[in-house]
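Residue-level structural notes
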Amino acid sequence: WQTLSFNTLADMATGDKRIGVLKMDVDNLGLIFSLGLEPGTAAEGSQSRFRSISRISTVSRQLSFFFNGIVATACEEVFQSWIETSEWGKRVRRANTDVSNIFYTVFSGGDDLFVIGPWDRIIELAALIRSLFKDFTCHNPNVTISAGIFICKPKYPIALAAAKAEAALEQSKHKGKNRITVFGETAVWDYEDRDKSKAFETTLKQAY
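So, on to unusual backbone geometry. The backbone of lysine 177 shows a phi angle near 70 degrees, a positive value even though the residue is not glycine. Along the chain, the position of lysine 177 falls in the loop between helix H6 (158-174) and strand E5 (179-182). Since its relative accessible area comes to 27%, lysine 177 is described here as partly exposed. Residues other than glycine seldom take positive phi values, yet asparagine 178 does so here, at roughly 55 degrees. Counting through the fold element by element, asparagine 178 comes out in the loop between H6 and E5. Among the residues examined, asparagine 178 registers a relative accessible area of 24% and is labelled partly exposed.

Spelled out as structure tokens, the structure:
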């Protein structure tokens, strides 16, 4: 497996040669654990309680499974799309090089993640992860995920970039959660909600 520099990751992007730093985490996880597992009803028996150590542990394991396993699958899917659709990817395929991914997963586990990659593909990755998370939670409207992306030149100090991505994530949560912040703009995930996404869509068009 070939280790890629941030300069190379930036070159792999379409348009501006920049990297994207992505942070995501589950919204309201503390409330989900404390309030989401309600006591059982009378029909279920007075001793039945949903909020138990075993049930909380099961939810925690399922979230870990998503962030440890399914996120890696999402990275691979976007990588394959990059191979098939980008000029860089096509050259890599023709040359049969040992490039096997375009993302560095700094961490992914528990209920959050931190990933670095070409700026345009990091946006694609965030959208895919959110879609997979929505499917994983059976489209439960009370279990959502937020994201923050910071886009920068490859020589930008990564510690500062991580802090900027964290600030973007906090902006998403401050604006209502279940949102993504990129280019300083915050939008709801669902594209069909045009009124709320108008500013975000305009910013993306200007960037491309």
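Across the sheet, six strands lie side by side as E2-E3-E1-E4-E5-E6; this open sheet has mixed pairing. Each edge of the sheet is formed by a strand with only one pairing partner; in this case those strands are strand E2 (104-109) and strand E6 (185-188). With direction set aside, neighbouring strand axes in the sheet form an average angle of 15 degrees. In this sheet, strand E3 (residues 112-118) lies alongside strand E1 (residues 19-26) in antiparallel orientation, the contact comprising seven bridges. Along E3, the bridge assignment pairs leucine 22 with valine 115. Lying on the sheet, H6 is in contact with E1, E3, strand E4 (145-152), E5 and E6; it crosses E4 at an angle near 140 degrees.

This brings us to the packing of helix H3 (residues 53-85) against helix H4 (residues 87-95). Between H3 and H4, whose axes approach to 5 Å, the crossing angle comes to 90 degrees. By the angle class used here, H3 and H4 are roughly perpendicular. Within the contact between the two elements, H3 uses Trp82, Ile83, Glu84 and Thr85 and H4 uses Glu87, Trp88, Gly89, Lys90, Val92 and Arg93. Considered class by class, the residues forming the contact of H3 with H4 number four nonpolar, two polar and four charged.

With that out of the way, let us pick up the pairing of E3. With six of seven residues buried, E3 lies mostly within the body of the structure. Strand direction decides the pairing type here: E2 and E3, joined by five bridges, are antiparallel. Looking at the pairing, tyrosine 104 lines up with isoleucine 116 of E3.

In this section: the pattern of salt bridges. The final tally for this structure, using the stated rule, is six salt bridges. Put simply, lysine 173 and aspartate 25 hold a salt bridge, and the shortest N to O gap is 2.7 Å. Taken together, the positions of lysine 173 in helix H6 and aspartate 25 in strand E1 put the pair 148 residues apart, joining distant regions of the chain. The burial state of lysine 173 is the same as that of aspartate 25; both residues are buried. Ionic pairing is found between aspartate 27 and lysine 173, a salt bridge with its closest N-O pair at 2.6 Å. Of the two residues, aspartate 27 is situated in the loop between E1 and helix H2 (29-35) and lysine 173 in helix H6; the sequence distance between them amounts to 146 residues. We note that aspartate 27, like lysine 173, is buried. Because the salt bridges share partners, they merge into one network encompassing Asp25, Asp27 and Lys173.

Moving on: the packing of aromatic side chains. Here the structure, examined in full by the defined rule, presents ten aromatic pairs. When the centroid spacing of 5.3 Å and the interplanar angle of 45 degrees are considered together, the rings of phenylalanine 66 and phenylalanine 136 count as tilted. Here phenylalanine 66 is found in helix H3, whereas its partner phenylalanine 136 is found in helix H5 (residues 119-136), with 70 residues between them in sequence. For phenylalanine 66, a relative accessible area of 1% gives the class buried. With relative accessibility at 25%, the residue phenylalanine 136 sits in the partly exposed group. One aromatic cluster is present, built from ring pairs that chain together Phe65, Phe66, Phe67, Phe133 and Phe136. Sitting over the ring of phenylalanine 114, lysine 23 keeps its end group 5.1 Å from the ring centre.

Cut-offs used in this document
Residues numbered from 1 in each chain as written. Predicted model: local features only at pLDDT ≥ 70, side-chain atom pairs only at ≥ 80, totals over all residues. Heavy atoms only, no water. Helix = DSSP H or I, 4+ residues; strand = E, 2+ residues; numbered from the N terminus. Buried < 20%, exposed > 50% of the residue type's maximum accessible area, 1.4 Å probe, protein only. Pairing = 2+ DSSP bridges. Axes fitted to C-alpha atoms, helices over the stretch in contact; angles between N-to-C directions. Contact = heavy atoms within 4.5 Å. Parallel < 35°, antiparallel > 145°, perpendicular 65-115°, else oblique. Nonpolar A, V, L, I, M, F, W, Y, C, P; charged D, E, K, R; others polar. Salt bridge = Lys/Arg side-chain N within 4 Å of Asp/Glu carboxyl O. Phe/Tyr/Trp six-rings, centres within 6.5 Å; stacked < 30°, edge-to-face > 60°. Lys NZ or Arg CZ within 6 Å of the ring centre and 35° of its normal.

On their own, these measurements won't tell you what the molecule is for.
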